[in-house]
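Here is how the chains run, residue by residue.
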There are 2 protein chains.
Amino acid sequence: MAQPGREVTSRGRPTRDRIVRAAAELMFQKGVGGTSIPDVQEAAGVSASQIYHYFGDKQGLVRAVIAHQIDATLEKQRPVLDSLDSFEALEMWRDGAIAAQEARDCAGGCEIGSLAGELVETDPLAREDLVAAFNRWEAPIRTGLARMRERGELSADADPASLATAMLAAVQGGLLLTQIRRSTVPLYVTVTAVIEHIRSFAT
Amino acid sequence: MAQPGREVTSRGRPTRDRIVRAAAELMFQKGVGGTSIPDVQEAAGVSASQIYHYFGDKQGLVRAVIAHQIDATLEKQRPVLDSLDSFEALEMWRDGAIAAQEARDCAGGCEIGSLAGELVETDPLAREDLVAAFNRWEAPIRTGLARMRERGELSADADPASLATAMLAAVQGGLLLTQIRRSTVPLYVTVTAVIEHIRSFAT
DNA sequence: ATCCGACTGGAATTGACATTCCAATCGCCG
DNA sequence: CGGCGATTGGAATGTCAATTCCAGTCGGAT
């Protein structure tokens, strides 16, 4: 038994973290279905008991991985994501994403999107988590665009909410095609298309 | 064993088709990992031998499902996809996709994209098939845009290849978010953004 | 009519995986 | 010091999936 009010002491936290990190890595590389508990055990250097102690069951572990991945993603993009209020910033964000893909030879896709595609239809709880995760990711994009509009850099016609959603979807779709084709071109052209669409609202 | 030069007679073809169709349906609903051979057996009303007779192993079945899904998708969209050479046609295509999603309560996402996300990193052969599938899907989009440019409806700056890729990615990303949020809004705003981007090249 | 390969049924095999259990430590709190 | 819960190890359990085997049947070609 674990999840709800499970007391995790300072002694257990490193272990828990090690498990989540190992699981996140494996699930990113091989998918949730392709990652077994024994796989995680070996990668994290723990026994089965520990995994079940901290996460209850595999679904609990998956949910912890989702939480970890969205936190890690937002953390990594934080500086630029919090100031996504200019075309230069949008382009830098795009270029950072492209560079990240190149660094891993376009393998793996999006840390969140991949989990999403695999879990949406099979794990309702995970889907809830993913909805929240995407909302958290979309928020700063929307905020940045709203700031641009307030400043008068975008016309009043521009809808920050819709544009932010389109931006996020462009990243997801671009990453999927990039992952399949092993080329950053799809990601580049798609995100650029949306940036240019936003630019059409520039004053 | 089966796949390569397997002779499939007129007696076996219905069985084979039934298996592929059942497997495609199940894998669309529950994912490849969530679909077992016994599941397919029951849904198709066949014995294990028949599945292994026609497809060799589960990977073979998966590849057959990919082939079936891309054929079915192109078939279903054929009329509009072959004349995607006006803004009206693009909008009708988008609206058709939205209607299809609404009809299924935004569940399931893209028949091809879902398979793609689950298989890219774990099945190299399937990935090849998916590359080919997306290429076949992208081609008519590109052709339509090229026709618009030839006619002078789009400026010479417009690159049909890039725009077609962005369009496809917009659909994929839009569908993923639509599937997660159970709302057609993401699909609508994303595809619309790309259409509007294309319109910015209108003469 | 017969013959060969496609086709089918169903049981058997093998292995892996999620999960449970029990018995041991370990460290803080009083 | 004593205890209690957090933590850990490692084996055991039970299920289920992928795949194989072994016969049988069927239909078209010779």
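Residues numbered from 1 in each chain as written. Chains lettered and ligands numbered in written order. Predicted model: local features only at pLDDT ≥ 70, side-chain atom pairs only at ≥ 80, totals over all residues.

J.: What's the story with the UniProt feature "DNA-binding region" (unreviewed entry) in chain A in this structure? I'm lost.
T.: Here the UniProt-annotated "DNA-binding region" (unreviewed entry) positions come out as residues 36–55 of chain A. Helix makes up 80% of residues 36–55 of chain A and strand 0%. Its end C-alpha atoms lie 14 Å apart. (UniProt positions renumbered as here; feature names shortened; annotations may be inferred. Helix = DSSP H or I, 4+ residues; strand = E, 2+ residues; numbered from the N terminus.)

J.: Whenever I open this one, the domain arrangement of chain A confuses me. Can you help?
T.: One frequent convention defines the size of an interface as the accessible area lost when the parts assemble. Residues and elements named next belong to chain A. When its domains are assigned, chain A resolves into domain 1 (1–56) and domain 2 (65–199). Placing a centre on the C-alpha atoms of domain 1 and another on those of domain 2 gives a separation of 28 Å. Taken together, the contact pairs nine residues of domain 1 with nine residues of domain 2. (Domains from an automatic or database assignment. Contact = placed C-beta atoms within 7 Å.)

J.: How should I be thinking about the protein's contact with DNA strand C in this particular structure?
T.: Around DNA strand C there are 21 residues in total, and S36(A), I37(A), K58(A), G12(B) and S49(B) lie nearest to it. Mapped by element, the contributors of at least two residues to the surface near DNA strand C are α2 (37–44) and α3 (48–55) of chain A together with α3 (48–55) of chain B. It is α3(B) that provides the largest number of residues to the surface near DNA strand C, a total of four residues. Taken together, the residues of the surface near DNA strand C break down into seven nonpolar, nine polar and five charged. (Near = placed C-beta within 6 Å. Nonpolar A, V, L, I, M, F, W, Y, C, P; charged D, E, K, R; others polar.)

J.: Help me understand the protein's contact with DNA strand D, please; the structure alone is not making it clear to me.
T.: Within the structure, DNA strand D sits among 21 residues, and G12(A), S49(A), S36(B), I37(B) and K58(B) are positioned closest to it. Among the elements of the structure, α3 of chain A together with α2 (37–44) and α3 of chain B are those that each provide at least two residues to the surface near DNA strand D. The leading source of residues in the surface near DNA strand D is α3(A), at four residues. Residue classes in the surface near DNA strand D are distributed as seven nonpolar, nine polar and five charged.

J.: What is the right way to look at the relation of the copies chain B and chain A in this model?
T.: Between the two chain copies there is a screw-like relation: a rotation about an axis and a shift along it. Superposing chain B onto chain A takes a rotation of 180 degrees combined with a translation of 0.0 Å along the rotation axis, leaving an RMSD of 0.0 Å. Both copies of the chain, as the preceding transformation shows, are related through a two-fold rotation axis. Ranked by how close their C-alpha atoms come to the rotation axis, the residues of chain B are headed by G173(B), at 1.8 Å. Residue by residue, 100% of the interface of chain B is reproduced at the interface of chain A, so both copies engage with the same surface. (Least-squares fit on C-alpha atoms with pLDDT ≥ 70 in both.)

J.: When you look at the environment of V194(A) in this model, what are you seeing that I'm missing?
T.: Secondary-structure assignment places V194(A) in helix α9 (residues 185–199). A count of 29 C-beta atoms within 10 Å places V194(A) in the buried class. Between the C-alpha atoms of V194(A) and H53(A), which are 141 residues apart in sequence, the distance is 45 Å. Here V194(A) is in contact with A166(A), M167(A), A170(A) and A193(B), once residues within four sequence places are set aside. (Buried ≥ 20, exposed ≤ 12 C-beta atoms within 10 Å, placed from the backbone.)

J.: Quick question: what am I supposed to make of the interface of chain B and chain A here?
T.: Listed as interface residues are 43 residues of chain B and, on the opposing side, 43 residues of chain A. The element best represented in the side of chain B that touches chain A is helix α8 (residues 160–181) of chain B, accounting for 15 residues. Among the residues making up the side of chain B that touches chain A, the classes are represented as 19 nonpolar, 18 polar and six charged.

J.: Honestly, the environment of G173(B) in this entry has me stumped. Any pointers?
T.: Assignment of secondary structure puts G173(B) in helix α8. Since 34 C-beta atoms lie within 10 Å of it, G173(B) is described here as buried. The sequence separation of G173(B) and C110(B) amounts to 63 residues, and the corresponding C-alpha distance is 9.6 Å. Excluding anything up to four places from it in sequence, G173(B) contacts A169(A), A170(A), V171(A), Q172(A), G173(A), G174(A) and T190(B).

J.: Before we go on, may I ask you to explain the packing of helix α4 (residues 58–81) of chain A against helix α6 (residues 111–119) of chain A in this structure?
T.: When two helices pack together, their arrangement is given by the angle between the helix axes and by the axis-to-axis distance. Residue and element names in this part refer to chain A. At a minimum axis distance of 9 Å, the contact between α4 and α6 shows a crossing angle of 150 degrees. Relative to α6, α4 is oriented roughly antiparallel. Considering the relative orientation of α4 and α6, their crossing is left-handed. Contacts from I66, Q69, I70 and T73 in α4 reach E111, I112 and L115 in α6. (Axes fitted to C-alpha atoms, helices over the stretch in contact; angles between N-to-C directions. Parallel < 35°, antiparallel > 145°, perpendicular 65-115°, else oblique. Left-handed = near helix turned anticlockwise from the far one by under 90°.)

J.: Just to check I follow, could you spell out the UniProt feature "domain: HTH tetR-type" (unreviewed entry) in chain A for this structure?
T.: In the numbering used here, UniProt assigns the "domain: HTH tetR-type" (unreviewed entry) feature to residues 13–73 of chain A. Annotated as residues 13–73 of chain A, this span is 82% helix and 0% strand, and its ends, taken at the C-alpha atoms, are 21 Å apart.

J.: Sorry, what's going on with the confidence of the model for chain A here?
T.: Should pLDDT be low for a region, the predicted coordinates there are not to be read in detail. Looking at chain A, the pLDDT average stands at 95 and 97% of residues meet or exceed 70. Predicted confidence is poor over residues 1–5 of chain A, with pLDDT under 50, and the contacts of this stretch with residues over four places away or in other chains come to nine contacts. (pLDDT = per-residue confidence, 0-100.)

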